[in-house]
Amino acid sequence: MQTRKDSKGRKLWTGESQEKDGRYRYKYVDSLGKRKSVYSWKLTPSDAVPKGKRQDISLREKEKLIQRDLDDGIATNGGDIILLDLVQKYVDQKQNMKPNTLQNYRSTLNTLKKYNIGTKKIKNIKPSDVKSWIISLQKDGKSYGTINILKSVVKPAFQMAVNDDYIRKNPFDFSLNAVIVNDSKTREAITERQEHDFLSFIKNDKYYQRYYDAIYILFHTGMRISEFCGLTIRDIDFENMRINVDHQLQYVKNEGYKITGTKTKNGTRYIPMSNDVAECFKRILKKRNIKIEPIVDGVTGFLFLSSKNNVIDKYHWEKYFRNICRKYNQAHKEPLSITPHICRHTFCSNMAKAGMNPKSLQYIMGHSDISMTLNFYTHIQFEDAQKEMQKIILMN
């Protein structure tokens, strides 16, 4: 057989050829048995790219990468899928998603549509590309929390591609805070005095006193706001002085209100009721005068309803808290910014400071991981430590 050579007299390997315009071509069969070709203006790395032509690695370098993928079982054409399609494929495999999770997936897809990285082939996306995109997200006003949610969706989608042998490495395998500044605001618990002043203000305000019992319950049970919104008459057990938590009320865009399971498996629990909390529930039930009960997914008897007897979700309560804080701050020198979640945060911190056993507190809070509960034991301030020492000294 005649030895094939290029225009410079160099021997061409099997599968290599040179086009009439000078470009080099390599033909191969991919992992699916399909014939493929790659091109380059350079045969070897030391070759110069013709003037006016795009810089690229040499044909021999491309051959080496292709052969490595074939040897390692990497699908040579799997990496051609664009990022948007990869994330959509990942999302399509998820079943029975909770509303918040579904919203996070939709938001991620919508964000990817607005950036060039969404239309790039995944095999061409490098860690540096991802980091540049993340930096641009923060520059465009996206919060650290929002970007972290995006990463939590896209990273496992890439991992699926790695597991399916589409690509070799996951370009999202890095710590987010090593790339951008964590500008998240820490949700701190408020002090006992602040809680007392805030509740007293609500109780004595002619307009907002209607929310006193509900907000008192939030401060003294540690419920998640979506669990609180889903409470029904049957969930309040005065005989055993406990609150049954086995579902939550959520609003899904374009779908309306939904009843879903608790956030985690540990979220299904009974929360002990103090006498004060029980009295709050009794007053709420006494004021309840409903002619037509709203029904959501077959559930009825909701405790907290609007003036038009419609169910209300966490967004309503967040709005109530904002309005109350605005009026409170107008009358007080020390401003407060309190949300329903801060009520939960405060309850957990108070129980930790009071010395409640961590496992008991984990159960009441519905935390799936004890480390989440233990974090509240690190919020102890000097005054708390001082009180503990005084107790020990008096005991001795």
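Residues numbered from 1 in each chain as written. Predicted model: local features only at pLDDT ≥ 70, side-chain atom pairs only at ≥ 80, totals over all residues. Heavy atoms only, no water.

A short note on the side chain of glutamine 194
Now for step 1: Relative to the assigned elements, glutamine 194 resides in helix α6 (residues 192–204).
Now for step 2: Look past the residues within four positions of glutamine 194 in its chain and what remains in contact with it is Glu334 and Leu336. (Helix = DSSP H or I, 4+ residues; strand = E, 2+ residues; numbered from the N terminus. Contact = heavy atoms within 4.5 Å.)

As for the packing of aromatic side chains
Now for step 1: Here the structure, examined in full by the defined rule, presents 20 aromatic pairs.
Now for step 2: Judged by centre distance (6.3 Å) and plane angle (15 degrees), the rings of phenylalanine 172 and phenylalanine 174 are stacked.
Now for step 3: By relative accessible area, phenylalanine 174 is classed as buried at 13%.
Now for step 4: Here a set of aromatic residues connected by ring pairs shows up, and it is made of Tyr207, Tyr208, Tyr211, Phe228, Phe304, Trp317 and Tyr320.
Now for step 5: The ring of phenylalanine 174 is capped by lysine 131, whose NZ or CZ atom sits 5.2 Å from the centre of that ring.
Now for step 6: One Lys or Arg, arginine 242, reaches over the ring of tyrosine 270 and ends 3.7 Å from the middle of that ring. (Phe/Tyr/Trp six-rings, centres within 6.5 Å; stacked < 30°, edge-to-face > 60°. Buried < 20%, exposed > 50% of the residue type's maximum accessible area, 1.4 Å probe, protein only. Lys NZ or Arg CZ within 6 Å of the ring centre and 35° of its normal.)

Points about helix α4 (residues 127–139)
Now for step 1: Taking 1.5 Å per residue, 13 residues should reach 18 Å; α4 reaches 18 Å between its end C-alpha atoms and fits that length.
Now for step 2: If you check which residues of α4 are buried, you get Val130, Trp133, Ile134 and Leu137. All buried residues of α4 project into a common sector of 100 degrees when viewed along the axis, lining one side.
Now for step 3: Looking at the buried residues of α4, the elements they touch are α3 (99–113) and α5 (144–163).
Now for step 4: Downstream of α4 by a residue or two, glycine 141 has a phi angle that is positive, lying close to 100 degrees. (Expected span 1.5 Å × (residues − 1). Arc of directions from axis to C-beta.)

Quick look at the side chain of aspartate 235
Now for step 1: As for its placement among the helices and strands, aspartate 235 is situated in the loop between α8 (225–229) and β4 (236–237).
Now for step 2: A polar contact is formed between the side chain of aspartate 235 and the side chain of arginine 234, at a distance of 3.3 Å.
Now for step 3: Look past the residues within four positions of aspartate 235 in its chain and what remains in contact with it is Gly230, Arg242, Ile243, Asn244, Asp246 and His247. (Polar contact = N/O pair within 3.5 Å; in protein donor to acceptor, adjacent residues only side chain to side chain.)

Focus on the sheet that holds strand β3 (residues 35–40)
Now for step 1: In space, the three strands of this open sheet follow the order β1-β2-β3, with antiparallel pairing throughout. The outermost strands of the open sheet, each flanked by one partner alone, are β1 (16–18) and β3. Mean inter-strand twist for the sheet, computed between neighbouring axes without regard to direction, equals 25 degrees.
Now for step 2: Note: strand β2 (residues 24–29) against β3, six bridges, orientation antiparallel. Directly across from tyrosine 24, in β3, lies its bridge partner serine 40. (Pairing = 2+ DSSP bridges. Axes fitted to C-alpha atoms, helices over the stretch in contact; angles between N-to-C directions.)

Quick notes on the packing of helix α7 (residues 212–221) against helix α10 (residues 314–331)
Now for step 1: Relative to each other, α7 and α10 sit at 100 degrees, their axes nearing to 12 Å. On the basis of the axis angle, α7 is roughly perpendicular to α10. Counted together, Ala214, Ile215 and Leu218 of α7 and Trp317, Phe321 and Ile324 of α10 form the full contact between these two elements.
Now for step 2: Considering only residue class, the contact of α7 with α10 consists of six nonpolar, no polar and no charged. (Parallel < 35°, antiparallel > 145°, perpendicular 65-115°, else oblique. Nonpolar A, V, L, I, M, F, W, Y, C, P; charged D, E, K, R; others polar.)

Let's talk about the pattern of salt bridges
Now for step 1: Applying the stated criterion across every chain yields a total of 23 salt bridges.
Now for step 2: In this structure, glutamate 227 and arginine 224 form a salt bridge, with 2.9 Å as the shortest nitrogen-oxygen distance.
Now for step 3: According to the relative accessible area criterion, glutamate 227 is buried, its value standing at 1%.
Now for step 4: Looking at arginine 224, the relative accessible area reads 12%, which means it is buried.
Now for step 5: Taken together, the shared-partner salt bridges connect Asp6, Arg10 and Asp47 into one network. (Salt bridge = Lys/Arg side-chain N within 4 Å of Asp/Glu carboxyl O.)

Let's talk about unusual backbone geometry
Now for step 1: The residue aspartate 165 is not glycine, and still its phi comes out positive at about 65 degrees.
Now for step 2: The residue aspartate 165 is located in the loop between α5 and α6 in this model.
Now for step 3: The partly exposed category is assigned to aspartate 165, whose relative accessible area is 32%.

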